[in-house]
Amino acid sequence: MDPHGAKDSSQEGTIVNPGRDEGRDTSVGDEGDDANELRFDEEQRLINEQSHRQEDD
């Protein structure tokens, strides 16, 4: 609690989100984001490879 008696919006119950009108986050990700992107790319490559493979019966 603020000893000076001043309230900020978090004490009033208002959600503070200064970037809400900026749209989707396109900032550079961290190492975890890069690793996820590599995994998803590999999964997509395997899916495409399997979908074009001829069936052997």
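Keep in mind the model is a prediction, meaning the values are calculated, not measured.

*Asks:* I would appreciate a short explanation of helix α2 (residues 31-51) in the present structure.
*Replies:* Given 3.6 residues to a turn, an α-helix orients residues that are three or four positions apart in the same direction. Over its 21 residues, α2 runs 30 Å from end to end, which matches the ideal 30 Å to within 8%, given 1.5 Å per residue. If you check the start of α2, you find a side-chain oxygen 3.2 Å away from the backbone N of Gly32, and it comes from Asp30.

*Asks:* I would appreciate a short explanation of the pattern of salt bridges in the present structure.
*Replies:* Pairs may arise between side chains of opposite charge once their charged atoms sit close together. Under the defined criterion, the tally for this structure stands at three salt bridges. Taking the shortest distance from any N to any O, the salt bridge between Glu42 and Arg45 comes out at 2.8 Å. Pair noted here: Glu42 and Arg45 are both in helix α2, with a separation of three residues, about one helical turn. Residue Glu49 pairs with Arg53 through a salt bridge whose shortest N-O separation is 3.4 Å. Through salt bridges with shared partners, one network takes in Glu42, Arg45, Glu49 and Arg53.

*Asks:* For this particular structure, what's the right way to read a negative patch on the surface?
*Replies:* A cluster of acidic residues, Asp30, Glu31, Asp33, Asp34, Glu37 and Asp41, forms a negative patch at the surface. Relative to the helices and strands, Asp34 resides in helix α2. Relative accessible area serves as the criterion here: at 41%, Asp34 is assigned to the partly exposed category.

Rules and cut-offs
Residues numbered from 1 in each chain as written. Predicted model: local features only at pLDDT ≥ 70, side-chain atom pairs only at ≥ 80, totals over all residues. Heavy atoms only, no water. Helix = DSSP H or I, 4+ residues; strand = E, 2+ residues; numbered from the N terminus. Expected span 1.5 Å × (residues − 1). Polar contact = N/O pair within 3.5 Å; in protein donor to acceptor, adjacent residues only side chain to side chain. Salt bridge = Lys/Arg side-chain N within 4 Å of Asp/Glu carboxyl O. Patch = residues over 30% accessible without salt bridge, like charges linked within 9 Å, V, L, I, M, F, W, Y side chains within 5 Å. Areas by Shrake-Rupley, 256 points an atom, 1.4 Å probe, with all protein chains shown as cover. Lys, Arg positive; Asp, Glu negative; His and termini not counted. Charge placed at Lys NZ, Arg CZ, Asp CG, Glu CD. Buried < 20%, exposed > 50% of the residue type's maximum accessible area, 1.4 Å probe, protein only.

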